[in-house]
Amino acid sequence: VLKAERRIKPIEKISYGYGIEYKYDSGSFTNAGSWSSPAARGNVDNFGFFANSGYQLSDDTILSLYGRGDNHKTTGLNSTYKINLTKYFGKFKLGLTQSTGLRNPSLYELYGSNGRTDSYKHVANPNADPEKSTTNELKIKYSLNDSLSFENTFYRSFIKDALLYDSSYKGGSGYTNNKSDLKQDGIESNIVFKNNNQKLSIFNTISSSKQTDGSHQLNRPDSTYGINYNINLNNSLFGPFAINYNYKHYGKSFDYKPSVTKVDSTDIMNLSLVKETTYGTISFNISNLLDEKYQRPEGYSQDGRLVRFFIRKSY
């Protein structure tokens, strides 16, 4: 990935920026055993260009615009946008947003194949079209004081040409663009408490994701909730450092097992320690803290406990 971006400082009531992004992906899928087909391989590249602008209509009203174009190797040129109007009413903050989204097919969806020739074969779909979505949002935030705030976001999304698993694709299985649109409705709630050295966020999402024929979309839980906690400490031995803790509950969702049914929920915890030094930012991260064994989607095991150490420095 190569990305370049320029941000312009506000000129009176206007700010703007622009940039480009180039991404190249390649992969190969080795066929083992006695299967006759050769290994599958492929590559894609994507060139994106984007621009954004913000205009302060008045002391309490801001209009924001974002636009992007992507030229993809297999799906061609596509554009997306986001427009937002934010207005303050004393302690209330009201935001209205309409945005479009784009998801190009992955390498596996385009070129992946298991090489089998029987009914269990997985077939690549190099002609897959991108998923396109339109989302409308209403966000309401109330700040009781500098330490406590409440926020709710109501949204509705429509997804066209969704790339879904098809068990009857070309005599085997593969990912194809679904003719029925997907509809997603939800409410995201967030309570935030903060003071000088710590911040606690409690969040919850209630959602419904279905195809236009009323059938459930797979691997989309009806409810998720959790907490984020950050605290800045100062120790006589280590000096100042920060601790970040995250917990998220993924509710039960519909998936193949082997027929469509509800699968178990999961609870995932992450922990990180971060310290600023003269050599850069040092962080020690543990994901899936309790080494939870889970699959998402069903049949695809996810990582257990992972420990990572990072050093980052800006020049």
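Below is a short write-up of the structure. (Residues numbered from 1 in each chain as written. Predicted model: local features only at pLDDT ≥ 70, side-chain atom pairs only at ≥ 80, totals over all residues. Heavy atoms only, no water.)

1. Quick word on the packing of aromatic side chains
Turning to step 1, where the next piece is worked out: Applying the stated criterion across every chain yields a total of three aromatic pairs.
Turning to step 2, where the next piece is worked out: Residues Phe 92 and Tyr 142 carry aromatic rings whose centres are separated by 4.8 Å and whose planes lie at 40° to one another, so their mutual orientation is tilted. Taken as a pair, Phe 92 in strand 6 (residues 92–103) and Tyr 142 in strand 7 (residues 131–143) lie far apart in primary sequence, 50 residues in all.
Turning to step 3, where the next piece is worked out: The class for Tyr 142 is partly exposed, based on a relative accessible area of 26%. (Phe/Tyr/Trp six-rings, centres within 6.5 Å; stacked < 30°, edge-to-face > 60°. Helix = DSSP H or I, 4+ residues; strand = E, 2+ residues; numbered from the N terminus. Buried < 20%, exposed > 50% of the residue type's maximum accessible area, 1.4 Å probe, protein only.)

2. Notes on the layout of surface pockets
Turning to step 1, where the next piece is worked out: By volume, the largest pocket is sized at about 870 Å³.
Turning to step 2, where the next piece is worked out: Residue lining of the largest pocket: 29 residues in total, with Leu 164, Tyr 165, Tyr 175, Leu 218 and Pro 297 positioned closest to the centre.
Turning to step 3, where the next piece is worked out: At the level of elements, helix 1 (107–111), strand 9 (163–166) and strand 15 (253–256) are the ones that each hand at least two residues to the lining of the largest pocket.
Turning to step 4, where the next piece is worked out: Here the element with the most residues in the lining of the largest pocket is strand 9; it accounts for three residues.
Turning to step 5, where the next piece is worked out: Looking at the lining of the largest pocket residue by residue, the classes come out as 14 nonpolar, nine polar and six charged. (1 Å grid on protein atoms, 1.4 Å probe; cavity = no way out; pocket = protein on both sides within 12 Å on 5 of 7 lines; lining within 4 Å. Points joined across faces, edges and corners; volume = space filled by probe spheres on them. Nonpolar A, V, L, I, M, F, W, Y, C, P; charged D, E, K, R; others polar.)

3. A short note on the pattern of salt bridges
Turning to step 1, where the next piece is worked out: Summed over all chains, the structure comprises 10 salt bridges.
Turning to step 2, where the next piece is worked out: Residue Glu 109 pairs with Arg 103 through a salt bridge whose shortest N-O separation is 3.2 Å.
Turning to step 3, where the next piece is worked out: The exposure class assigned to Glu 109 is buried, which follows from its relative accessible area of 8%.
Turning to step 4, where the next piece is worked out: For Arg 103, a relative accessible area of 32% gives the class partly exposed.
Turning to step 5, where the next piece is worked out: Two residues, Glu 151 and Lys 139, come together in a salt bridge whose shortest N-O distance is 4.0 Å. Highlighted residues: Glu 151 in strand 8 (residues 148–160) and Lys 139 in strand 7, separated in sequence by 12 residues.
Turning to step 6, where the next piece is worked out: Accessibility expressed as a relative area gives 22% for Glu 151, which makes it partly exposed.
Turning to step 7, where the next piece is worked out: A network of salt bridges, in which partner residues are shared, links Glu 21, Arg 68 and Asp 70. (Salt bridge = Lys/Arg side-chain N within 4 Å of Asp/Glu carboxyl O.)

4. Quick word on the pairing of strand 18 (residues 280–287)
Turning to step 1, where the next piece is worked out: The element strand 18 is extensively covered by neighbouring structure, given that six of its eight residues are classed as buried.
Turning to step 2, where the next piece is worked out: Where strand 17 (residues 266–277) meets strand 18, seven bridges bridge the pair, whose relative direction is antiparallel. Looking at strand 18, one finds that Lys 275 is bridged to Ile 282.
Turning to step 3, where the next piece is worked out: By the bridge criterion, seven bridges tie strand 18 to strand 19 (residues 306–312) in an arrangement that is antiparallel. Note that in strand 19 the partner of Ile 282 across the bridge is Ile 311. (Pairing = 2+ DSSP bridges.)

5. Quick notes on empty space enclosed by the protein
Any space left empty among the atoms is revealed by the rolling of a water-sized probe across them.
Turning to step 1, where the next piece is worked out: Here the structure, examined in full by the defined rule, presents one cavity of 30 Å³ or more.
Turning to step 2, where the next piece is worked out: Of the volumes computed, that of the largest cavity is approximately 50 Å³.
Turning to step 3, where the next piece is worked out: In terms of lining, the largest cavity is formed by Ser 209, His 216, Gln 217, Arg 220, Asp 222, Lys 252, Ser 253, Phe 254 and Lys 262.
Turning to step 4, where the next piece is worked out: By residue class, the composition of the lining of the largest cavity is one nonpolar, four polar and four charged.

6. Section: the side chain of His 72
Turning to step 1, where the next piece is worked out: Note that His 72 resides in strand 4 (residues 61–72).
Turning to step 2, where the next piece is worked out: A polar atom in the side chain of His 72 sits 3.1 Å from the backbone nitrogen of Thr 74.
Turning to step 3, where the next piece is worked out: Contact partners of His 72, with chain neighbours within four places excluded, come to Val 44, Asp 45, Asn 46, Asn 104 and Leu 110. (Polar contact = N/O pair within 3.5 Å; in protein donor to acceptor, adjacent residues only side chain to side chain. Contact = heavy atoms within 4.5 Å.)

7. A word on a nonpolar patch on the surface
Turning to step 1, where the next piece is worked out: Side chains of Ile 11, Ile 14, Tyr 16, Tyr 18, Tyr 55, Leu 57, Leu 85 and Leu 96 sit close together on the surface and give an oily, nonpolar patch of about 720 Å² of accessible area.
Turning to step 2, where the next piece is worked out: Mapped onto the nonpolar patch, the elements with two or more residues apiece are strand 2 (14–29) and strand 3 (40–58).
Turning to step 3, where the next piece is worked out: Top contributing element to the nonpolar patch by residue count: strand 2, with three residues.
Turning to step 4, where the next piece is worked out: Accessibility expressed as a relative area gives 39% for Tyr 18, which makes it partly exposed. (Patch = residues over 30% accessible without salt bridge, like charges linked within 9 Å, V, L, I, M, F, W, Y side chains within 5 Å. Areas by Shrake-Rupley, 256 points an atom, 1.4 Å probe, with all protein chains shown as cover.)

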